[in-house]
Amino acid sequence: MIFAQIFDAINIGLVILDRDLKVYKWNRWMEMNSGIPAAEIIGSHIFDFFPNLKTRKFLRSCKSVFTFGNFCFFSQKLHRCLFPFKATGCFDTRFEYMQQSCAMGPLRDENNEVKYLFIYVQDVTEVATYEQKLVEMNMRDSLTGIYNRRFLESKLREEFKRHKRYSRPLSIIMFDIDFFKKVNDKYGHQCGDFILKSVSSMIASQIRNVDFLIRYGGEEFCCLLPETALEPAIGVAERFRKSVMEHDNNFDGKNIKVTISLGVAEIRPNINSPETLLKKVDEALYRAKRRGRNRVEAMI
Amino acid sequence: MMDVKKEREKILTDEEADILQEIMNIAFGQAASDLADVIDIHVILSVPLVKTLQAPELPDYIRGEIRDICNISIIEQKFLGKFRGNALMVFPSHAGKELISLFGLEENMPPEADPAEMLGRETLMEVGNIMIGACIGKLAELLKDRVTYSPPRIIIENHSCDTIPDSQLSADDSAIVLKTVFSFDRGSISGFVFLVTSHESIQWLKEALRKFIEQYE
């Protein structure tokens, strides 16, 4: 059968299993990516070589192919990969394993009986990498690398929902670099950018990995502290203030000292939307500014 | 307008509709018992109500049938055989999350993803695939057709009360509506399956229905 040549020529993994889930066919693509020659795996139980496949979903899918002649799909989003192969085809990727989009379906004999099932394996690592990068870009600030305002808005909505369900505390710190315009005017915008990066990376190194640091606007930042009540959040803010004040920002041979003013707020029963919380923390920040800067003020 | 509709040729004759109803009864009966076997979950599928419509009437029909039209998700899957078209499955929005643990999909969950949201979506597609496959598969088997399927996808998610898009529905297409209520072990989740097929497929279906009944005559 000349068309059978496609089986080995195609740039997709093809596997055929019999009703006992023993490997009946294993194409070249599978040989190449698994490092397992067809001669070695044919006749063996697929789970002997790939024990990770033994999940409820995989077993159910095999059953439904043999029972209904159904097709079953294994999306990259949910499954990442069926066959754990090294991601070799794509260089600029953070995935350890090849990302795969797979499906299985029936192969019938002339009496319409399902004799075998096929699995196809498509390498989608490149697309998944692009997607991941896009998602990242969409929620990060390009200058500082910390989260952006869009991220804050969606995260706050999420955290509000969680708070409604579980009533766990949530605090937010908003801070702003004092006299930032003067830094820009005196040392130039490149220096201003340097200060923004320097301050944000220093604060980022001090927070827990459940906290989120966000560039809210020009020289304005927010830090979201889940599971944290107002009092401890004020303590965190005070720590931020001290460390920024003491930090040396060395730019172009000059040491430029800056300070920050901070406002702190937490979710309370009378604060029922992200907007209200942001308004509260903004008010606290402006009080800190009015009262002389380089200080922390909490919501009233 | 009404006159045009009345004059329009019936999609299926009364007799053909009866045969189709009968086949659906058999198919759904078998599908339910096979489903229980395959997914290890007890499934109740009600006797399907078979109805034919012109495709452009479908959005109105869905609106009329579903009480909470603001909160639905629709899964679409193309099926290709001699009988071909789109299968649409309508679920209530919350269904995905409720079905997650029932289908044991959390064991596949990549840790970095947003669990509830994505699992809910994937579960809906999984369940949609199983249900559509069972319905179409049994129908195809009884009518001696072989079908293949495209991957399921979500075309409407947490629908926000505006109109159901009908851009994909051509005026020549027909819709066979299978209204069935299905419920799993715990809690009842009900939904609809709609098959939207082309004019050519209907011709094939009429022929297949005739052959099917000939076996018994």
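The structure under discussion appears in the preceding block.
Note that the structure is predicted; figures quoted are calculated from it, not measured.

**Some points on a nonpolar patch on the surface**
Moving on, step 1. Where nonpolar side chains cluster on the molecular surface, the patch consists of A:M1, A:I2, A:F3, A:I6 and A:I10 and spans about 600 Å² of accessible area.
Moving on, step 2. Examined against the element boundaries, A:I10 turns out to sit in the loop between α1 (6–9) and β1 (13–18).

**Some details on the side chain of A:H163**
Residue and element names in this part refer to chain A.
Moving on, step 1. With respect to the helices and strands, H163 occurs in helix α8 (residues 149–166).
Moving on, step 2. Reaching out from H163, the side chain makes a polar contact with the backbone oxygen of R168 at a distance of 2.6 Å.
Moving on, step 3. Setting aside its immediate chain neighbours within four residues, H163 contacts R168 and I267.

**Let's talk about the pattern of salt bridges**
Residues and elements named next belong to chain A.
Moving on, step 1. Enumeration according to the criterion identifies 26 salt bridges over all chains in this entry.
Moving on, step 2. A salt bridge links R162 to E158; the shortest N-O distance between them is 4.0 Å. With R162 and E158 both in helix α8 and four residues apart, the pair spans about one turn of that helix.
Moving on, step 3. Put simply, R291 and E297 hold a salt bridge, and the shortest N to O gap is 3.2 Å.
Moving on, step 4. For E297, a relative accessible area of 8% corresponds to the buried category.
Moving on, step 5. Put simply, K155, E158, E159 and R162 are held in one network by salt bridges that share partners.

**Regarding the pairing of strand β4 (residues 85–92) of chain B**
The two faces of a sheet get side chains in turn, since along a regular strand they alternate between them.
Residue and element names in this part refer to chain B.
Moving on, step 1. Across the eight residues that make up β4, a large majority, eight, are buried.
Moving on, step 2. Sheet topology places strand β3 (residues 72–80) next to β4; eight bridges connect them, and they run antiparallel. Bridge assignment links I72 to a residue of β4, and that residue is P92.
Moving on, step 3. Hairpin connection from β3 to β4: four residues lie between these consecutive antiparallel strands.
Moving on, step 4. Where β4 lies against strand β9 (residues 192–197), six bridges are found, and the strand directions are antiparallel. Residue pairing across strands places A87 opposite L195, the latter belonging to β9.

**Brief notes about the packing of aromatic side chains**
Residue and element names in this part refer to chain A.
Moving on, step 1. All told, the structure shown has 21 aromatic pairs over all chains when counted by the stated rule.
Moving on, step 2. When the ring of F83 is compared with that of F85, the centres are 5.9 Å apart and the planes differ by 20 degrees; the resulting orientation is stacked.
Moving on, step 3. Judged by relative accessible area, which is 0%, F83 ranks as buried.
Moving on, step 4. Since its relative accessible area comes to 2%, F85 is described here as buried.

**Thoughts on empty space enclosed by the protein**
Moving on, step 1. Tallied over the full model, the rule gives one cavity of 30 Å³ or more.
Moving on, step 2. If you trace the largest cavity, you find it lined by A:K57, A:R60, A:S61, A:S64, A:C72, B:E126, B:N129 and B:I130.
Moving on, step 3. Those elements giving two or more residues to the lining of the largest cavity turn out to be α5 (56–68) of chain A together with α5 (115–142) of chain B.
Moving on, step 4. In terms of residue count, the dominant contributor to the lining of the largest cavity is α5(A) (four residues).
Moving on, step 5. By residue class, the composition of the lining of the largest cavity is two nonpolar, three polar and three charged.

**Section: the environment of A:S75**
Moving on, step 1. Within the element layout of this structure, A:S75 appears in the loop between β3 (72–74) and α6 (76–79).
Moving on, step 2. Exposure remark for A:S75: the relative accessible area of 23% places this residue in the partly exposed category.
Moving on, step 3. Distance from A:S75 to A:C102, taken between C-alpha atoms, is 6.5 Å for residues 27 residues apart in sequence.
Moving on, step 4. Residue contacts for A:S75: discarding those within four places in its chain leaves A:R80, A:Q100 and B:E122.

**Regarding helix α10 (residues 189–204) of chain A**
Moving on, step 1. Here α10(A) contains 16 residues, and its C-alpha end-to-end distance of 22 Å stays within 8% of the 22 Å for a straight helix at 1.5 Å per residue.
Moving on, step 2. Those residues of α10(A) lying buried are A:C191, A:G192, A:I195, A:L196, A:S198, A:V199, A:S200, A:M202 and A:I203.

**Topic: the sheet that holds strand β12 (residues 296–298) of chain A**
Sheet strands line up and pair through hydrogen bonds in the backbone, either parallel or antiparallel.
All names here are of chain A.
Moving on, step 1. One open sheet holds the five strands; their spatial order is β7-β8-β6-β11-β12, and the pairing between them is mixed. Only two strands of the sheet have a single partner each, and these edge strands are β7 (212–215) and β12. Geometrically, the sheet is characterised by an average inter-axis angle of 20 degrees between neighbouring strands, direction not taken into account.
Moving on, step 2. Inspection of the sheet shows β7 paired to strand β8 (residues 220–226) by four bridges, in the antiparallel sense. What sits directly across from F212, in β8, is L224.
Moving on, step 3. Contacts from α10 reach β6 (170–177), β7, β8 and β11 (260–266) within the one sheet, and its direction differs from that of β6 by about 155 degrees.

**Points about the nonpolar core**
Across soluble globular proteins, you tend to see nonpolar side chains buried next to one another.
Moving on, step 1. If you look at the biggest cluster of nonpolar residues, it comprises 59 residues, and the most contacted ones within it are B:L20, B:L45, B:F91, B:L143, B:I176 and B:L195.
Moving on, step 2. When residues of this core are assigned to their parent elements, the largest contribution, twelve residues, is made by α5(B).
Moving on, step 3. Other than its neighbours up to four places away in sequence, B:L20 contacts B:L12, B:V50, B:L139, B:I176, B:L205 and B:L209.
Moving on, step 4. By size, the runner-up hydrophobic cluster in this structure holds 51 residues, among which are A:M174, A:C223, A:F251 and A:V296.

Reading the values: the criteria
Residues numbered from 1 in each chain as written. Chains lettered and ligands numbered in written order. Predicted model: local features only at pLDDT ≥ 70, side-chain atom pairs only at ≥ 80, totals over all residues. Heavy atoms only, no water. Patch = residues over 30% accessible without salt bridge, like charges linked within 9 Å, V, L, I, M, F, W, Y side chains within 5 Å. Areas by Shrake-Rupley, 256 points an atom, 1.4 Å probe, with all protein chains shown as cover. Salt bridge = Lys/Arg side-chain N within 4 Å of Asp/Glu carboxyl O. Helix = DSSP H or I, 4+ residues; strand = E, 2+ residues; numbered from the N terminus. Polar contact = N/O pair within 3.5 Å; in protein donor to acceptor, adjacent residues only side chain to side chain. Contact = heavy atoms within 4.5 Å. Buried < 20%, exposed > 50% of the residue type's maximum accessible area, 1.4 Å probe, protein only. Pairing = 2+ DSSP bridges. Phe/Tyr/Trp six-rings, centres within 6.5 Å; stacked < 30°, edge-to-face > 60°. 1 Å grid on protein atoms, 1.4 Å probe; cavity = no way out; pocket = protein on both sides within 12 Å on 5 of 7 lines; lining within 4 Å. Points joined across faces, edges and corners; volume = space filled by probe spheres on them. Nonpolar A, V, L, I, M, F, W, Y, C, P; charged D, E, K, R; others polar. Expected span 1.5 Å × (residues − 1). Axes fitted to C-alpha atoms, helices over the stretch in contact; angles between N-to-C directions. Core = buried A, V, L, I, M, F, W, Y, C linked by side-chain atoms within 4.5 Å.

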